[in-house]
Amino acid sequence: MDAVPAIRVVDLRKSFGALEVLRGVSFDVPRGSVVSMIGASGSGKSTLLRCINRLETPSAGEVYIDGEPMGGRLSDISRMRRDLGMVFQQFNLWPHMTVIGNVIEAPIRVRGMRRKEALALAEECLARVHLSEKGKEYPARLSGGQMQRVAIARALAMQPKAMLFDEPTSSLDPELTDEVLTVMRELASDGTTMIVVTHEMAFAREASDRVLFLHNGQIEEEGLPDQVFGAPRSERCRQFLSKKLQ
Amino acid sequence: MSNWERLVWNQRGLLWQGLTVTVEICLLAFALAIVGGLVLCLVRLHVRPLRPVAVALIEFFRATPIFVQLMWVNYVWPELFGWPNSFFTSGWVALGLQSSGYLAETFRAGIEAVPRGHREAGYSVGMSSFQVYRRIVLPETLLTVAPSIVNQFTVIVKSSTLVSVITVPDLMLQAMKLVNVWYEPIEVLTATAIIYIALVFLVSSAGKALADFHRRRFGLDSA
Ligand SMILES: Nc1ncnc2c1ncn2[C@@H]1O[C@H](COP(=O)(O)OP(=O)(O)OP(=O)(O)O)[C@@H](O)[C@H]1O
Ligand SMILES: [Mg+2]
């Protein structure tokens, strides 16, 4: 067994003013595993992901990436963010760059890769999201599903130790979610370490190694997918799931 | 021989000379306005100690009538700074300063319109704040504000007629000279108006085309 998890979260707390959004969250994400996070709107899922890569500063608690504590000076935070690929609900592609431009930007500017190498890498990453032919397009010309897959490729191009997905399919039309979920399933079976915040219960059940149910800023239920979905111990989790699954 | 031929066509050399001066002045003023506007905006947003100075300048440039500003640069600056030393320079500097005040606000609106997520996407791949600014915020801002910047050029063209007051030989001044020689204002001034309309129309069409292009290609609405 691998002793050092890719991500370890210890007693993480976050308040916005008087509003306590995370109230002591702890969990591990072992290397190569997929953790799905479910929970009602406002339960703190996005805030948790954003605290992990320090887009938000936690009020208390620790996050360890590969054993190293996240935090410190801005330059340390930037360095550690390279190892965490983030995929947003709103895609957040850079509209003034082509698809290729979006993907090679960070390898070149942040990793200091040569352009030629970066282009080869980008080709590889775009192939993984099945968008090899769209490299020269601008994001505005793509469908939502394609944009999200480019965003995944952009994150993969940094060859991160783990990927963080924040509701990657929630702003997509239903007929476009599958192409994104397919890519994510492939990443999962390739052994990519992932935390996935999602409302796609089928995906969470089939593709993840563990499922966390967040309620009011705390982990209310946690376990293997079949256990959380099949026989939830918490009443709240049961209610949440019965609403989602009906 | 018609008045049009005698007063306008036969004087086309003079009018053309005036037009080139007008265009030169406007281009110089435009360049100053863009650079000045960007600097004022960046100082306002990011250089805390100088912020009040930038705000004061922006407000001053925007609130002063262009005529007052022209007189101010032309008569006060040489006393204070020993510069500008020509009417021509005073002319484009005053025009440029006024527009820099407006463009500073345009740039600010553009920067604030860049979605937070675009910046966060940069941070989350490990870019520094400076890289995020230089590679994401500024280029995206320039694209969204480009059409408004072009439209500011039309304001400069229209205001530029006032430099004739300090005897800069622009199109307006040449036209007035012709009027004062022949005392036949109708054709000359009508022709002059048409030239200005054409110029403004040309520039604002370019602005519209640019806005359409940016919307189609980048999905960016102009700020
Ligand atoms: N920057 C902020 N300032 C103030 N309050 C915030 C901020 N970000 C989030 N919140 C609040 O924190 C709570 C949790 O928000 P969060 O976005 O983490 O929920 P979520 O579980 O991701 O919900 P959703 O499923 O709707 O995305 C909400 O009540 C939200 O209003
Ligand atoms: Mg959320």
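These numbers come from a predicted model, not from an experiment.

1. Considerations on the interface of chain A and chain B
Between chain A and chain B, the contact holds 24 residues from the first and 24 residues from the second. Carbon and sulfur atoms supply 59% of the area that chain A and chain B bury against each other, a total of about 2100 Å² over both sides. One can count two salt bridges joining chain A with chain B. The salt bridge involving Glu120 of chain B is made with Arg50 of chain A; its shortest N-O contact spans 2.7 Å. Taken together, the elements giving at least two residues each to the side of chain A that touches chain B come down to helix H2 (74-81), strand E6 (84-87) and helix H3 (99-109) of chain A.

2. A short note on the sheet that holds E6 of chain A
Neighbouring strands of a sheet are bound in pairs by backbone hydrogen bonds; such pairs are parallel or else antiparallel. Residues and elements named next belong to chain A. Here six strands make up an open sheet; going across it, the order is E6-E7-E8-E3-E9-E10 and the pairing mixed. Each edge of the sheet is formed by a strand with only one pairing partner; in this case those strands are E6 and strand E10 (218-223). Put simply, the sheet's adjacent strands are angled 20° from each other on average, direction ignored. Taken together, the five bridges between strand E3 (residues 34-39) and strand E9 (residues 210-215) define a ladder with parallel strand orientation.

3. A word on the pattern of salt bridges
For the coordinates displayed, the defined rule picks out 31 salt bridges over all chains. Here Glu117 of chain A ties to Arg114 of chain A by a salt bridge, and the two come within 3.6 Å at their closest N and O atoms. Classification of Arg114 of chain A as exposed rests on a relative accessible area of 61%. One salt bridge connects Glu105 of chain B with Arg44 of chain B, and the closest N-O pair in it is separated by 3.0 Å. Remark: Arg44 of chain B occurs in helix H2 (residues 12-46) and Glu105 of chain B occurs in helix H5 (residues 87-113); sequence separation between them is 61 residues. The burial state of Glu105 of chain B is the same as that of Arg44 of chain B; both residues are buried. Residues joined by salt bridges that share partners form a network here, namely Arg31, Asp66, Asp83, Arg111 and Lys161 of chain A.

4. Digging into the packing of aromatic side chains
A complete count under the given rule lists nine aromatic pairs over all chains for this structure. Arranged with centres 6.3 Å apart and planes meeting at 85°, the rings of Phe213 of chain B and Phe218 of chain B form a pair that is edge-to-face. We classify Phe213 of chain B as partly exposed; its relative accessible area is 34%. For Phe218 of chain B, a relative accessible area of 8% corresponds to the buried category. Ring pairs connect the aromatic residues Phe60, Phe61, Trp72, Trp77, Phe81 and Trp83 of chain B, which therefore count as one cluster. Above the ring of Trp94 of chain A, the side-chain terminus of Arg154 of chain A is found at 4.3 Å from the ring centroid. Sitting over the ring of Trp9 of chain B, Arg12 of chain B keeps its end group 4.1 Å from the ring centre.

5. Notes on helix H4 (residues 66-81) of chain B
Taking the largest bend as the criterion, H4 of chain B deviates by roughly 30°, centred on Val73 of chain B. Inspection of H4 of chain B places Ile66, Gln69, Leu70, Val73, Asn74 and Trp77 of chain B among the buried residues, and these make up the whole buried set.

6. Remarks on the side chain of Asn92 of chain A
Residue placement: Asn92 of chain A occurs in the loop between E6 and H3. For Asn92 of chain A, a relative accessible area of 9% gives the class buried. Among the polar contacts listed, one links the side chain of Asn92 of chain A to the backbone oxygen of Gly117 of chain B, at a separation of 3.4 Å.

7. Quick word on the nonpolar core
When a protein is soluble and globular, its nonpolar side chains tend to lie buried together. Grouped together as the largest cluster of nonpolar side chains are 91 residues, with contacts concentrated most on Ile7, Phe27, Leu48, Ile52 and Ile195 of chain A. No other element matches the 11 residues that H2 of chain B contributes to this core. Each of domain 1 (1-83 + 163-246) and domain 2 (94-159) of chain A gives at least three residues to this core. Once residues within four sequence positions are removed from consideration, Leu48 of chain A is found in contact with Val9, Leu12, Leu22, Val25, Phe27, Met37 and Leu214 of chain A. Judged by nonpolar contacts, the second largest core, of 39 residues, contains Leu93, Leu176, Leu181 and Ala188 of chain A.

8. Brief notes about the domain arrangement of chain A
All names here are of chain A. Partitioning chain A into structural domains gives domain 1 (1-83 + 163-246) and domain 2 (94-159). Taken over C-alpha atoms, the centre of domain 1 sits 25 Å from the centre of domain 2. With 15 residues of domain 1 at the interface, the matching set in domain 2 holds 15 residues. Both sides of the domain 1 and domain 2 interface together cover about 1200 Å² of buried area, and 63% of this is carbon and sulfur. Three residues, Arg82, Met163 and Val183, lead the burial of domain 1 against domain 2; their summed loss comes to 41% of the area buried on that side.

9. Describing the sheet that holds strand E4 (residues 60-65) of chain A
All names here are of chain A. With antiparallel pairing, the four strands of this open sheet are ordered in space as E2-E1-E4-E5. Each of the sheet's edge strands pairs with one partner strand only, and the pair in question is strand E2 (19-29) and strand E5 (68-69). Contacts from helix H1 (residues 45-52) reach strand E1 (7-16), E2 and E4, with the element oriented near 120° to E1.

10. Some details on the site of ligand 1
Residues and elements named next belong to chain A. In the vicinity of ligand 1, 13 residues are found, and the nearest of them are Ser41, Gly42, Lys45, Ser46 and Thr47. Separating an oxygen atom of ligand 1 from a backbone N or O atom of Gly44 is a distance of 3.0 Å. For ligand 1, the accessible surface in isolation is 630 Å², of which the surrounding protein chains cover 61%. Looking at the shell around ligand 1, the elements with two or more residues in it are E2 and H1. For the shell around ligand 1, the element with the highest residue contribution is H1, accounting for three residues. For the shell around ligand 1, the residue count by class is four nonpolar, seven polar and two charged.

11. Considering the packing of helix H7 (residues 129-160) of chain B against helix H9 (residues 185-218) of chain B
Residues and elements named next belong to chain B. Orientation of H7 relative to H9, taken along the N-to-C sense of each, is 175°, at an axis distance of 8 Å. As summarised for this structure, H7 and H9 are arranged roughly antiparallel, according to the angle between their axes. Counted together, Leu143, Ala146, Pro147, Val150, Asn151, Phe153, Thr154, Val157 and Lys158 of H7 and Tyr196, Leu199, Val200, Val203, Ser204, Ala206, Gly207, Leu210, Ala211, His214 and Phe218 of H9 form the full contact between these two elements. Its residues assigned to classes, the contact of H7 with H9 comprises 14 nonpolar, five polar and one charged.

Definitions and limits used
- Residues numbered from 1 in each chain as written.
- Chains lettered and ligands numbered in written order.
- Predicted model: local features only at pLDDT ≥ 70, side-chain atom pairs only at ≥ 80, totals over all residues.
- Heavy atoms only, no water.
- Contact = heavy atoms within 4.5 Å.
- Buried area = accessible area lost by both parts, 1.4 Å probe.
- Salt bridge = Lys/Arg side-chain N within 4 Å of Asp/Glu carboxyl O.
- Helix = DSSP H or I, 4+ residues; strand = E, 2+ residues; numbered from the N terminus.
- Pairing = 2+ DSSP bridges.
- Axes fitted to C-alpha atoms, helices over the stretch in contact; angles between N-to-C directions.
- Buried < 20%, exposed > 50% of the residue type's maximum accessible area, 1.4 Å probe, protein only.
- Phe/Tyr/Trp six-rings, centres within 6.5 Å; stacked < 30°, edge-to-face > 60°.
- Lys NZ or Arg CZ within 6 Å of the ring centre and 35° of its normal.
- Bend = angle between axes of the 7 residues up to and from the residue.
- Polar contact = N/O pair within 3.5 Å; in protein donor to acceptor, adjacent residues only side chain to side chain.
- Core = buried A, V, L, I, M, F, W, Y, C linked by side-chain atoms within 4.5 Å.
- Domains from an automatic or database assignment.
- Near = heavy atom within 4 Å.
- Areas by Shrake-Rupley, 256 points an atom, 1.4 Å probe, with all protein chains shown as cover.
- Nonpolar A, V, L, I, M, F, W, Y, C, P; charged D, E, K, R; others polar.
- Parallel < 35°, antiparallel > 145°, perpendicular 65-115°, else oblique.

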